[in-house]
Amino acid sequence: MKIAFIGLGIMGGPMAKNLLKAGHTLRVYDRNAQALENMKSTGAILCSCAAETVEKVEAVITMLPNSPHVRSVMLEDDRLAELMPGTATFIDCSSISPAASREIAGKLAEYGIDMLDAPVSGGQPKAVDGTLAFMVGGREEVFLRFRPLLEAMGSSAVLCGDVGAGNVTKLCNQTIVAVHIAALAEALQLGQMCGVQPQKIFEAIRGGLAGSTVMNAKAPMMMDQNFRPGFRMDLHIKDLNNVVEAAGDVDAPIPLTLQVLEMMKVLHHDGDGACDHSALLRYYQKLTGEVLHH
Ligand code: NAD
């Protein structure tokens, strides 16, 4: 399939490479010259602007930071909605606001263009391995047509509902992960202050009801004081702000999300925004003056 791929950062770069490995033809663009350069000698056609990517393609895929970036590329600055073939489908893998997804899909429909919102869970290692989990919104017929494309980049793709449902599901995922990391940090810090080694707490409870993927990934990072991203705190703040917007639209109560968002904002203002989101532990360390160890 001929595909335009825009946004070749931590996630988009390896995703594009997996599509190439699966035998697709890719025309790629990123406004960051280094990200574009990283695609040299992969077989992708490097383009000098977004408009150049869409010539005769069957799908346009974006992996951009947030709603304004997707709006800018599709509707405002690059206006790909006008330039891409009317027969092509737009697949947005970025994590953006569900309302923005629906708005963009509405504008694309004016040109007869279908859209799937298809954000992912899994982070860079799974983007590299091609084992991402896709949560998708859109029409079933469109989903089924492009499912093999998603499966070239991931190990699962679930249709969650109409356009916007992919990003609603992603926001649910981000709420659970954020609150879970905060609970883990709070509990390990409490345990240490009560005189029990965090490593022992981790070993004793990881196989029980409290055990989780989040715990297995983040507890060792916290005990090592290793906050190299992974998933940057600032991106998680972006996602939780999108949760606040989505919850506001339907009057849903989100006290836990709001609490963790405030903690993340404190850390952002303290210079920790580029750290992994497991640096939520620092909120507790700064309050208590006590550093978590093994
Ligand atoms: P990133 O910042 O590494 O990559 C985004 C890329 O988009 C950058 O290279 C940037 O130059 C490019 N870009 C921005 N605006 C552009 C424009 N107008 N035209 C062309 N290129 C443009 O971010 P990432 O970590 O790859 O994340 C991308 C999306 O995936 C985000 O929505 C993020 O929340 C989500 N996500 C990230 C992870 C993760 O672990 N990093 C996991 C799941 C989902």
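Tallying secondary structure elements over the protein chain gives 14 helices and nine strands in all. The C-alpha atoms of the protein chain give a radius of gyration of 20 Å, which matches the 19 Å a tight globule of 294 residues would have. Considered along the principal axes of its C-alpha atoms, the protein chain spans approximately 65 × 45 × 35 Å. Residues counted as buried form 49% of the 294 residues belonging to the protein chain.

Right, let's get into the packing of aromatic side chains. Counted by the stated rule, this structure contains one aromatic pair. Summarising the aromatic geometry, the rings of Y283 and Y284 are spaced 5.7 Å apart at their centres and angled 80° between planes, so their arrangement reads as edge-to-face. Overall, the relative accessible area of 22% leaves Y283 in the partly exposed class.

Taken together, 24 residues lie around the ligand, and I10, M11, D30, P65 and K238 are the ones closest in. Here M11 contributes a backbone N or O atom positioned 2.9 Å from an oxygen atom of the ligand. Here D30 contributes a side-chain N or O atom positioned 2.6 Å from an oxygen atom of the ligand. Bound to the protein, the ligand loses 90% of the 830 Å² it would expose on its own.

Moving on, we get to helix α12 (residues 233–250). For α12, spanning 18 residues, the distance from its first C-alpha to its last is 26 Å, which sits close to the expected 26 Å at 1.5 Å a residue. The inward-facing, buried residues of α12 contact α9 (165–193) and α13 (255–272). At the C-terminal side of α12, D251 shows a positive phi close to 60°.

For α13, the full list of buried residues reads T257, V260, L261, M263, M264, L267 and D272. Viewed along the axis of α13, the buried residues span an arc of 165°, placing them on a single side of the element. Away from the buried face of α13 by more than 90 degrees, exposed residues P255 and H269 are located. Contacts from the buried residues of α13 go to α9, α12 and α14 (281–288).

Okay, the domain arrangement of the protein chain next. Looking at the protein chain, the domain boundaries give domain 1 (2–162) and domain 2 (168–288). If you average the C-alpha positions of domain 1 and of domain 2, the two centres end up 29 Å apart. Contacts between the two partners involve 13 residues from domain 1 and, on the opposite side, ten residues from domain 2. A per-residue breakdown of the area domain 1 buries against domain 2 is headed by S95, P98 and M135, which together make up 38% of the total. Linking domain 1 with domain 2 are zero salt bridges, by the criterion used here. Viewed at the interface, domain 2 and domain 1 are joined by five residue pairs in polar contact (both at pLDDT 80 or more). Counting residues per element, the ones that place at least two in the side of domain 1 that touches domain 2 are α6 (98–109) and β7 (120–121). Residue contributions to the side of domain 1 that touches domain 2 peak at three residues, all from α6.

Right, let's get into the side chain of T53. The topology assignment puts T53 in helix α3 (residues 50–53). With sequence-adjacent residues up to four places away left out, T53 is seen in contact with A4, I6, R27, V28, Y29 and C47.

By the definition in use, this model includes 13 salt bridges. Close ionic contact of R139 with E141 constitutes a salt bridge, the shortest N to O distance being 3.0 Å. Salt bridges sharing partners connect three or more residues here, namely D270, D272, R282 and K286.

Our next topic: the pairing of strand β4 (residues 59–62). Because side chains alternate across β4, one face comprises the buried residues A59 and I61, and the other comprises V60 and T62, equally buried. Where strand β1 (residues 2–6) lies against β4, four bridges are found, and the strand directions are parallel. Following the sheet pairing, A4 is matched in β4 by V60. With four bridges joining them, β4 and strand β5 (residues 89–92) adopt parallel strand pairing. Counterpart to V60 in the pairing with β5 is F90.

Let us now look at the environment of N38. By secondary structure assignment, the location of N38 is in the loop between α2 (33–37) and β3 (45–46). Among the residues examined, N38 registers a relative accessible area of 43% and is labelled partly exposed. The spacing of N38 and L8 is 30 residues in sequence and 8.5 Å in space, taken between C-alpha atoms.

What counts, and at which threshold
Per-chain numbering applies: the sequence of each chain, read as written, is numbered from 1 onward. Reporting in this predicted model follows two pLDDT cut-offs: at least 70 for local features of residues, and 80 or more for side-chain atom pairs to be given and counted; totals over whole chains, interfaces and linings ignore these cut-offs and use all residues. Derived side-chain values reflect all non-hydrogen atoms in the structure, with water molecules and hydrogen atoms excluded from consideration. Here a helix means four or more residues in a row that DSSP labels H or I, a strand means two or more in a row labelled E, and each is numbered from the N terminus. Each radius of gyration reported is based on C-alpha atoms, and the globular scaling rule is 2.2 Å times the count of residues to the power 0.38. For every residue, the accessible area obtained with a 1.4 Å probe (protein chains only) is divided by the maximum for its type, and the residue is called buried under 20%, exposed over 50%, and partly exposed between those limits. Ring pairs are drawn from Phe, Tyr and Trp, using the six-membered ring of Trp, whenever the two centres fall within 6.5 Å, and their geometry is named by plane angle: stacked under 30 degrees, edge-to-face over 60, tilted for the rest. Proximity is defined per residue: if any heavy atom of the residue lies within 4 Å of a molecule or strand, that residue is considered near it. Definition of a polar contact: a pair of N or O atoms within 3.5 Å, with one able to donate and the other able to accept a hydrogen when the atoms are protein atoms, and with sequence-neighbouring residues admitted only if both atoms are side-chain atoms. Here the open area of atoms and residues is found with the Shrake-Rupley method and a 1.4 Å probe, where only the protein chains shown may cover a residue. To estimate the expected span of a helix, count its residues, drop one, and scale the result by 1.5 Å. It only takes one pair of heavy atoms within 4.5 Å for two residues to be counted as in contact. Working definition: the arc comes from the directions between the helix axis and the C-beta atoms, pointing outward to the latter. Per the annotation, domain bounds derive from an automatic or database assignment of domains. Defined in terms of a 1.4 Å probe, buried area is the accessible area two parts forfeit on being brought together, summed over both. Salt-bridge detection follows one rule: a side-chain nitrogen of Lys or Arg within 4 Å of a carboxyl oxygen of Asp or Glu. Here the rule is simple: two strands pair whenever DSSP picks up at least two bridges between them.

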